[in-house]
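# Residue-level structural notes
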Amino acid sequence: MLWTLLSIVVAFAELIAFMSADWLIGKAKPSSSEEVDNRTGGSQEPYRPTLGIYGRCIRISHMQFSRRDTLCGPYAENFSEIASGFWQATAIFLPMGIMILCTVAFVSVFTMCVQSIMKKSIFNVCGLLQGIAGLFLILGLILYPAGWGCQKAISYCGPYASAYKLGDCSLGWAFYTAIGGTVLTFICAVFSAQAEIATSSDKVQEEIEEGKNLICLL
């Protein structure tokens, strides 16, 4: 049960991180002279735009009278418009890993009732898939910082930004979530072996020998 829950959590964490625009937090930008707080007459505090692999969040000046003056969405309308070739590679490897994790998370729900398919342990197969997914995630996360020298990143992080150098930016929660999810992916792969041992108890084996094909573990 722990392995199942952890597999689901990891899949959702990686998916949310990939879709987020909070990978890089840009350098502080002062509000324009037109952006004035109507109640106090003072200028608004500087804000920090955020940049993701294919999305971004910026402040729109003409929305100053709205409660929500930050606009988030994709800056790239198609794959070729992603700011860096390294980020394009990241946008390939991360989704591949996430697709595998989502598949395993879906299958893991049924492992409480079915432990093998064609005499192959589902836990062992899922553990192997999670290890492969972890490798894809690592590749994506290693390549991502190499794209910090692209023009898009420089416009957010200043002229000192370059490959593996943040410049005036800082890392956002999405990057740390992706790293944490990658670590947990390998932990899940290890736990799958423990789940296999747990479901191979004497009681389960006895019921298998009695001819029961469907055995639910509560």
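Residues numbered from 1 in each chain as written. Predicted model: local features only at pLDDT ≥ 70, side-chain atom pairs only at ≥ 80, totals over all residues. Heavy atoms only, no water.

### So, the state of the cysteines
- Tallied over the entire structure, the rule returns two disulfides.
- Bridging Cys57 to Cys72, the disulfide has an S-S length of 1.9 Å. In this structure, the disulfide formed by Cys57 and Cys72 twists by about 115° around the S-S bond and is classed as right-handed. Note that Cys57 is positioned in strand β3 (residues 55-59) and Cys72 in strand β4 (residues 70-74), a separation of 15 residues in sequence.
- In this structure Cys57 comes out as buried when scored by relative accessible area, which is 12%.
- One disulfide bridge connects Cys157 with Cys169, the sulfur atoms lying 1.9 Å from each other. Handedness here is read from the sign of the S-S torsion; for Cys157 and Cys169, about -90°, the answer is left-handed. Here Cys157 is found in helix α4 (residues 151-157), whereas its partner Cys169 is found in the loop between α4 and β7 (170-171), with twelve residues between them in sequence.
- Residue classification places Cys157 among the buried residues on the basis of a relative accessible area of 2%.
- Residue Cys169 is classed as buried on the basis of its relative accessible area of 8%.
- Counting only the cysteines that form disulfides, in the order they appear in the protein chain, gives the pairing 1-2, 3-4. (Disulfide = S-S within 2.5 Å. Helix = DSSP H or I, 4+ residues; strand = E, 2+ residues; numbered from the N terminus. Buried < 20%, exposed > 50% of the residue type's maximum accessible area, 1.4 Å probe, protein only.)

### Details of the environment of Gly180
- When you line up the elements, Gly180 lands in helix α5 (residues 173-199).
- Along the backbone, Gly180 and Val10 are 170 residues apart, and their C-alpha atoms lie at a distance of 8.7 Å.

### Details of the packing of helix α1 (residues 2-19) against helix α3 (residues 122-143)
- Between α1 and α3, the least distance of the axes is 13 Å, while the angle of their chain directions is 25°. Relative to α3, α1 is oriented roughly parallel. Judged by the sense of rotation from one axis to the other, the crossing of α1 with α3 is left-handed. The segment α1 lies against α3, with Trp3, Ser7 and Glu14 engaging Phe123, Cys126, Gln130 and Leu137. (Axes fitted to C-alpha atoms, helices over the stretch in contact; angles between N-to-C directions. Parallel < 35°, antiparallel > 145°, perpendicular 65-115°, else oblique. Left-handed = near helix turned anticlockwise from the far one by under 90°. Contact = heavy atoms within 4.5 Å.)

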